[in-house]
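Single-letter residue listing:
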Amino acid sequence: MTNYLDTLNEPQREGVLTTEGPVMLIAGAGSGKTRVLTFRIAYLIQEKNVDPFSIMALTFTNKAAKEMRDRIEKVVGSDARSLMMGTFHSVFSRILRAEAHHIGYPNNFTIYDTDDVKQLLRTIIKEKGLDDAVYKVNTVLGRISSAKNKLISADEYLRNGELMGDDAANMRPEIGAIYKIYTNRLYKSGAMDFDDLLFNTDKLFKEHLDVLNKYQQRIQYLMVDEFQDTNLCQYYIIRKLAAVRENVCVVGDDAQSIYAFRGADITNILNFERDYADLKVIKLEQNYRSTSNIVQAANSVIKRNRAQLPKNVWTANEEGKLIELIKAVSDNEEGRLVATSIFQERMQHQMKYSDFAILYRTNSQSRALEESLRRMNIPYRMVGGLSFYQRKEIKDILAYLRFTMNQQDEASFRRIINLPKRGIGDATVDKIVVAANDHGAPLWDIVQNVTPFVGGRVAGPIDDFVTMIKRFSIEIERKDAYDAAFEIAKSSGLLRELYEDKTVEGLSRYENVQELLNAIKEFTDDPERQDKSLGAFLQEVSLLTGQDEEKDKDPDKVTLMTIHMAKGLEFKYVYMVGMEEDLFPSQMMINSRADLEEERRLFYVAITRAEKRLFLSYALSRYRFGRLKNSEPSRFLDDIDSSFIKVSSKFSSAIESSPPPSQYAKKLVSGIKKTVTSAPPIRPVTYKPPADFIPSDTGALQVGMRVEHPKFGFGTVLQMDTSGADRKAKIGFKDIGEKTLLLSFAKLRIVEN
DNA sequence: GTCACCGAGATTTTT
DNA sequence: TCTCGGTGAC
């Protein structure tokens, strides 16, 4: 058992063995922090005989939690199950599920997702008669959310001169009032938003010391992963929980802090040193993941940031190949070049598809990439995007289930009262909600006794609805989650409605609902699960995100995801695409130094995901908002010390004929050590390409089509060769005769008609 | 109350 | 390009 200690280096071992007292691990990228955390927990259980029940470990994503649990289970076996471990949100929502009644919430409170929250805010803004162009839902939500993350309640917000002053200066003086109404509405609905799961946990501990004490006694050892991403609220909870024993170990890397927009506050790291005088700080600086070139390139980037803790990340790994920069004229070509490169590298080095990842800044960039991968028959999986549980049909069913659990839930009520159609319109719903608020009465009381408040015609259907929901709530007492959910899906008429829709989309929606029911079945059939109630299922599902549905039969696929989702992961080959100004760094992040530094840290995270090879790519034009836009290479390319990067030989010849390169591109081409043999000189031709030459997608190129080439001029496709790895086309050019071109490189414009 | 059509805005990231 | 909310006809 102790032999695993031998596999650790000195600071890592220290991190595992220093179990008593406050510890902060500053862990550089790829320095094995998960190993340290894993072994630390294993060590506590096996060597120090600590009851796993009294260890709490907090992570940021479900994925990280799951991975850690799996790894611990490999060492300590089934003991791992009783660990109190998960994301901040899931662990605290479990605590609230047991304790929420102390702060006036029902224990079976509903969790509102972002859509529910926005809907509710929109309603409130409308009810207050405010202009929704001034009070944009996203703005309002942002203000409220960041207040909650800083532990500022609605009442405190209204009393806070600075916040109110800001709002007044921005012509939005009512935000505080909206916050207050919003809080009351959530409370009345027995619902919490994501921020409330933290905010209310803090409130619970603050107002009920007996409850806090219970958890302080229980949790003997507390560990926090990704500490640099904690917000103030999380920090206070951590401190409270650890106040008695002070056996708290936080692990983080300030260079990888990329969630400031969500309230993460790096100063927590500094405060931690201040709050614990006897804090032991251990630095993990040896990188085991990446080649020396990649590590040094990453260092050269992060060095440009002003705000950072001093550390020296180094590696004993081989030098490795240089980072390659791929240039493309368009987003489509970028996709094509990346796909081609993956194909070739995989062949040449006998890699698996799963060794490759393509990272991007925004989800919308995935489309061009997907197309190229599909065209080359490269299997891929996309992580993130919209989750299964955000689909309309799924949310509809879940709303029924949620409302059956909690009849005060306004958001679910609005969603299902007229679904399927039963002749109850918005006007009626508004009347009911307003009546509930005016009378200070619970929503459900009004709904049950609705006649005085609405037109006589709709009273009948509402009564039927009430009867149905009452029947459902009896069902969930008698049946397990699956049987109850199935019964509700069927009796509500939702299932039938979807079944009768024979369109393609209707079919897939029906299948999605079936899949949801399967997921519930799986949940109830899981022998390790103690709480199999519908409530427990809903709780869990609310905190799930897109990344958590991977029951892939074929795991050998290229991974596509945003950089944010890639944090904590590693791949042998990484392609970081879209290295362009306004995209990365995002145009919304270039206005302040702090924002720009966060973007740079994001770039640092991207670079350090790569083990063996890193490719960066950019396109000179790209479709955005459905329009073609020109773009310039990212300023971040200049941050990389030029001795670690080279221009790829894969770049297209069309660059030379494209619009004059930007200053960034120029600097790059001149400043970068050219280790590639330069392309053979192109023989002079008389043909001059038009200034606005834009290559077409040649995926559907066929014999007989007329094409234009930026150097060779106009021609006709004579023959296609798609047998080999590279698709080729023999083209008869008007000026220079026949040429066979590789379609992955050639810039061709398909001439219309 | 319902449906079909139109126009606007979105694309920064997640629990 | 896509999704969402608003509007007007029935």
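Throughout this description, residue numbers start from 1 for each chain and increase along the sequence as written. Note on labels: chains are lettered from A, ligands numbered from 1, in written order. Local features in this predicted model are restricted to residues whose pLDDT is 70 or higher, and side-chain atom pairs enter the listing and the counts only when it is 80 or higher, whereas totals over whole chains, interfaces and linings include all residues. Calculated side-chain values reflect all of the structure's heavy atoms, with hydrogen atoms and water omitted.

Caption draft 1: A look at the overall build of chain A. The numbering of helices and of strands both runs from the N terminus, where a helix is a DSSP run of H or I of at least 4 residues and a strand a run of E of at least 2. Counting its secondary structure elements, chain A contains 30 helices and 23 strands. Within chain A, the fraction of its 753 residues that count as buried is 54%. Long-range contacts, defined here as pairs at least 24 residues apart, represent 74% of the contacts in chain A between residues at least 6 apart. A total accessible area of about 33,200 Å² is found for chain A, and carbon and sulfur atoms account for 50% of it. Relative accessibility decides the category of a residue: with a 1.4 Å probe and only protein chains considered, values under 20% of the type maximum give buried, values over 50% give exposed, and everything between is partly exposed. Here a residue-residue contact requires only that any non-hydrogen atoms of the pair lie within 4.5 Å. Only the protein chains shown count as covering a residue, and every accessible area follows the Shrake-Rupley method with a 1.4 Å probe.

Caption draft 2: Highlighting the protein's contact with DNA strand C. Around DNA strand C sit Q119, R122, K126, R367 and F625, and those are all the residues in its vicinity. In this text, near means that some heavy atom of the residue lies within 4 Å of the molecule or strand in question. Protein-proximal atoms of DNA strand C, defined as those within 4 Å of the protein, fall in sugar or phosphate at a share of 75%. A distance of 2.8 Å separates a phosphate oxygen of DNA strand C from a polar side-chain atom of R122. Ranked by residue count, the leading element in the surface near DNA strand C is helix α5 (residues 114-127), at three residues. Nitrogen and oxygen atoms within 3.5 Å of one another constitute a polar contact, given that in protein one can donate a hydrogen and the other can accept it, and given that sequence-neighbouring residues count only through two side-chain atoms.

Caption draft 3: Highlighting helix α12 (residues 232-241). With seven of its ten residues buried, α12 lies for the most part within the structure. Inspection of α12 places C233, Q234, Y235, I237, I238, K240 and L241 among the buried residues, and these make up the whole buried set. Structurally, the start of α12 carries an N-cap: the backbone nitrogen of C233 is 3.1 Å from a side-chain oxygen of N231.

Caption draft 4: Highlighting the sheet that holds strand β7 (residues 248-252). Ordered in space as β3-β2-β6-β7-β1-β8, the six strands form an open sheet in which the pairing is parallel. What marks the edges here is a single partner per strand, and that holds for β3 (84-87) and β8 (280-284). On average, adjacent strands in this sheet sit at an angle of 10 degrees to one another, irrespective of strand direction. Note on method: axes are straight lines fitted to C-alpha atoms, helices fitted across the in-contact stretch only, with angles between N-to-C directions ranging 0 to 180 degrees. Helix-sheet contacts for helix α1 (residues 10-17) involve β1 (23-27) and β8, and the interaxial angle to β8 is about 140 degrees. Most of the contacts of helix α13 (residues 267-275) go to β1, to which it runs at about 145 degrees, and overall it touches β1, β7 and β8. Strands qualify as paired when DSSP identifies two bridges or more between them.

Caption draft 5: Up close: the environment of V211. As for its position among the elements, V211 is in helix α11 (residues 209-218). Judged by relative accessible area, V211 falls into the buried class, the value being 4%. Taking the C-alpha atoms as reference, V211 lies 8.8 Å from H102; in sequence the two are 109 residues apart.

Caption draft 6: Summary view of the nonpolar core. Here the nonpolar core consists of buried residues drawn from Ala, Val, Leu, Ile, Met, Phe, Trp, Tyr and Cys, with membership extended through side-chain atoms lying within 4.5 Å. M56, F92, L121, L222, L241 and F272 are the most contacted members of the largest nonpolar core, which has 67 residues in total. Once you skip the residues sitting within four places of it in the chain, F92 turns out to touch L58, L197, L198, T201, I237 and L241. Counting residues in hydrophobic clusters, the runner-up holds 55 residues, among them I394, M468, V513 and I520.

Caption draft 7: Summary view of the packing of helix α17 (residues 392-405) against helix α22 (residues 481-491). Packing of α17 against α22 leaves a shortest axis separation of 10 Å and a crossing angle of 115 degrees. Regarding the angle of α17 to α22, the classification is roughly perpendicular. Handedness of the α17/α22 crossing: right-handed. Contacts between α17 and α22 pair I397, Y400, L401 and T404 from the former with A485, I488 and A489 from the latter. Classification convention: Asp, Glu, Lys, Arg as charged; Ala, Val, Leu, Ile, Met, Phe, Trp, Tyr, Cys, Pro as nonpolar; all other residues, Gly among them, as polar. For the contact of α17 with α22, the class distribution of residues is six nonpolar, one polar and no charged. Angles are sorted into four bins: roughly parallel if under 35 degrees, roughly antiparallel if over 145, roughly perpendicular if 65 to 115, and oblique for all others. Less than a right angle of anticlockwise turn of the near helix away from the far helix marks a crossing as left-handed, whereas a clockwise turn marks it as right-handed.

Caption draft 8: Representation of the side chain of T562 in the model. Secondary-structure assignment places T562 in strand β14 (residues 558-562). Excluding anything up to four places from it in sequence, T562 contacts Y360, R361, T362 and N363.

Caption draft 9: Highlighting α11. Among all positions of α11, only V211, L212, Y215 and Q216 are buried. Considered in projection along α11, the buried side chains sweep an arc of 135 degrees and stay on one side of the axis. Opposite the buried face of α11, at more than 90 degrees from it, the exposed residues are L209 and D210. Next to the buried residues of α11 lie β3, α4 (88-99), α10 (194-207) and α12. As used here, the arc belongs to the directions running from the helix axis to the C-beta atoms.

Caption draft 10: Local environment of the UniProt feature "binding site: ATP" (unreviewed entry) in chain A. Per the UniProt record, the feature "binding site: ATP" (unreviewed entry) sits at A27, G28, A29, G30, S31, G32, K33 and T34. You can see S31 is positioned in the loop between β1 and α2 (33-46). Here S31 falls in the buried class, since its relative accessible area comes to 2%. The residues touching S31, leaving out its near neighbours within four places in the chain, are Q12, L284, Q286 and Y288. Note that K33 resides in helix α2. Residue K33 is classed as buried on the basis of its relative accessible area of 19%. Beyond its immediate sequence surroundings of up to four residues, K33 is in contact with A27, D225, E226, V251 and L284. UniProt positions are given in the numbering used here, feature names are shortened, and annotations may be inferred rather than shown by experiment.

Caption draft 11: Examining the packing of aromatic side chains more closely. Each aromatic pair joins two rings of Phe, Tyr and Trp (for Trp, the six-membered one) with centres within 6.5 Å, and gets the label stacked for planes under 30 degrees apart, edge-to-face for over 60, and tilted for any other angle. A full pass over the atoms with the stated rule returns 24 aromatic pairs. For the ring pair F88 and F92, a centre distance of 5.9 Å and an interplane angle of 65 degrees mean the geometry is edge-to-face. Taken together, the positions of F88 and F92, both in helix α4 and four residues apart, correspond to about one turn of that helix. Of the two residues, F88 and F92, both sit in the buried class. Pairing Y235 with F272 gives two aromatic rings, centres 6.3 Å apart and planes at 70 degrees, and the pair type is edge-to-face. In this pair, Y235 is assigned in helix α12 and F272 in helix α13, connecting sequence segments 37 residues apart. When its relative accessible area of 2% is taken as the criterion, Y235 is described as buried. Feature note: the residues F227, Y235, F272 and Y276 constitute an aromatic cluster, connected by ring pairs. Only lysine NZ and arginine CZ atoms are considered, and such an atom sits over a ring when it is within 6 Å of the ring centre and within 35 degrees of the ring normal. One residue, R262, lies across the ring of Y259, its end atom 4.6 Å from the ring centre. Against the face of Y353 rests R346, its NZ or CZ located 3.9 Å from the ring centre.

Caption draft 12: Spatial organisation of unusual backbone geometry. Here L419 and P420 are connected by a cis peptide whose omega angle stands at -5 degrees. Along the chain, F584 connects to P585 via a cis peptide bond; the corresponding omega equals 5 degrees. Along the chain, P585 falls in the loop between β15 (571-576) and α27 (593-607). The phi angle at E226 is positive, at roughly 50 degrees, despite the residue not being glycine.

Caption draft 13: Looking closely at the packing of α17 against helix α24 (residues 504-525). Where α17 contacts α24, the axes come no closer than 9 Å and their chain directions differ by 45 degrees. In terms of their interaxial angle, α17 and α24 are classed as oblique. Our pair here, α17 against α24, has a crossing hand that is right-handed. Every residue of α24 that contacts α17 at E393, I394, I397, L398 and L401 is listed here: R509, N512, V513, L516 and I520. Split by residue class, the contact of α17 with α24 holds seven nonpolar, one polar and two charged.

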